[in-house]
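# Observations on the three-dimensional arrangement
So you can see what is in the structure, the chains are spelled out below.
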Amino acid sequence: MVLCLSYLRQTLVILAIGFGCAQESSVFTVSTHDLTVLVNANESFVIYASNNLADTVNLTLVKQHEDHVDLDPESFICRAGISYNETIVVTGLAAGHVEITASSNSSDTWITDALFVRIVVAKSQAIIYTSVIFGWIYFVAWSISFYPQIWINYRRKSVEGLNFDFLTLNIVGFTLYSMFNCGLYFIQSLQNEYGNRHPRGVNPVLLNDVVFSLHAMFATSLTIGQCFKYERGQQRVSKTAYGLLIVFALVVVISAGLAGGSVIHWLDFLYYCSYVKLTITIIKYIPQALMNYKRKSTIGWSIGNILLDFTGGILSMLQMILNAYNYDDWVSIFGDPTKFGLGLFSVLFDIFFMLQHYVFYRQANKSSISSLTTDTEVQSNGQPNRTIEK
């Protein structure tokens, strides 16, 4: 789920166009570092030359790939001591990603360090909008997917059927994910460290990532609180889960100690936290699936959660495919199959849960509902209550 959100972030970054002005610390700057242009269409950006240029400079734009865009002009002269703006018209030729940098005849290469533009050439504006819509739909679906389980627990006044290992792994995973997002979004030193490693990169964490992870941690904590308040039967966190938590804790504590001792950077510590989160994403559904199998029932496990998660997962993968087609970037899927594979893995688990609920254990679920109806009738006639698992 969480990995697929990275494609929403990429789409928002691609569509975001920032405007700036010349900075005193740089001779050449640009109006935007990110630009989207359609095939056979034109867009533009502005290069600013400050008046502190000591010598006249012949500036030439350099394209990472020659066949994606056409630039007009590709070179121009900036005279010393004069502020100068040059508008560059970009024509899309073929879908893809291309980075524009610059070279000059000056021996001071640092003067062009801030002059770079990441250009995305797209085949269709409609696909861009569809991709963004899909992204927000699955963002909302995943955000509200926690509440059907909370509602079922509240209505039943019981958490029987909800696996505690799943909840334990989930809260650890979302806590680590929140640490990663908050660290890169709020802590300037970490942002600077990321910028030093990726001078022309974009911070991968946006505000929606921070909100999602903190909300997920809150909703999971609320569900765990229900486990202490409501009937839970003989359910416990398993020894296997405790063993995994010890391993994860050792990874986090040791990496934090190494970062505190300046053996590794704090950014590396956040990356290690994210790796633990990825591991949890792979294994967290297994305990619940096994529990349903042993009980031969899905009563107590919210199918609403699964349906929303499935909706989000399908739309996220469709968004990946749309973006890959629109930007001719199939490498993002097949060149790095881990991201797409994890999304597919979650969807397959959702399908398995739906089969358990609607096919494998359908009769058991119906029997439980019938028992609840009988119990309600008995209670309405003034007879003693009895505990019914639902």
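Scroll up for the structure.
## With respect to helix H5 (residues 188-197)
Within the span of H5, buried status applies to Leu 190, Glu 193 and Tyr 194. The buried side chains of H5 occupy one side of the element, clustering within an arc of 100° when seen end-on. Among the structural elements, helix H4 (164-186) and helix H8 (266-283) are those in contact with the buried residues of H5.

## What to know about the pairing of strand S5 (residues 69-72)
Burial along S5 is one-sided: the residues Val 69 and Leu 71 are buried and none of Asp 70 and Asp 72 is. Bridge count between S5 and strand S7 (residues 84-92): four bridges; the pairing is antiparallel. Within S7, the residue paired with Asp 72 across the bridge is Val 89.

## Concerning the pairing of strand S8 (residues 96-104)
With five bridges joining them, strand S4 (residues 57-63) and S8 adopt antiparallel strand pairing. Along S8, the bridge assignment pairs Thr 60 with Ser 103. Pairing of S8 with strand S9 (residues 117-122), which is carried by five bridges, proceeds in the antiparallel orientation. Opposite Ile 100, over in S9, you have Val 117 as the bridge partner.

## Looking at the sheet that holds strand S1 (residues 28-30)
Taken together, the four strands give an open sheet; going across it, the order is S1-S3-S7-S5, and neighbouring strands pair in antiparallel fashion. Every other strand in the sheet has two partners, leaving S1 and S5 as the edge strands with one partner each. Across the sheet, the mean angle from the axis of one strand to that of its neighbour is 25°, orientation sign disregarded.

What counts and what doesn't
- Residues numbered from 1 in each chain as written.
- Predicted model: local features only at pLDDT ≥ 70, side-chain atom pairs only at ≥ 80, totals over all residues.
- Heavy atoms only, no water.
- Buried < 20%, exposed > 50% of the residue type's maximum accessible area, 1.4 Å probe, protein only.
- Helix = DSSP H or I, 4+ residues; strand = E, 2+ residues; numbered from the N terminus.
- Arc of directions from axis to C-beta.
- Contact = heavy atoms within 4.5 Å.
- Pairing = 2+ DSSP bridges.
- Axes fitted to C-alpha atoms, helices over the stretch in contact; angles between N-to-C directions.

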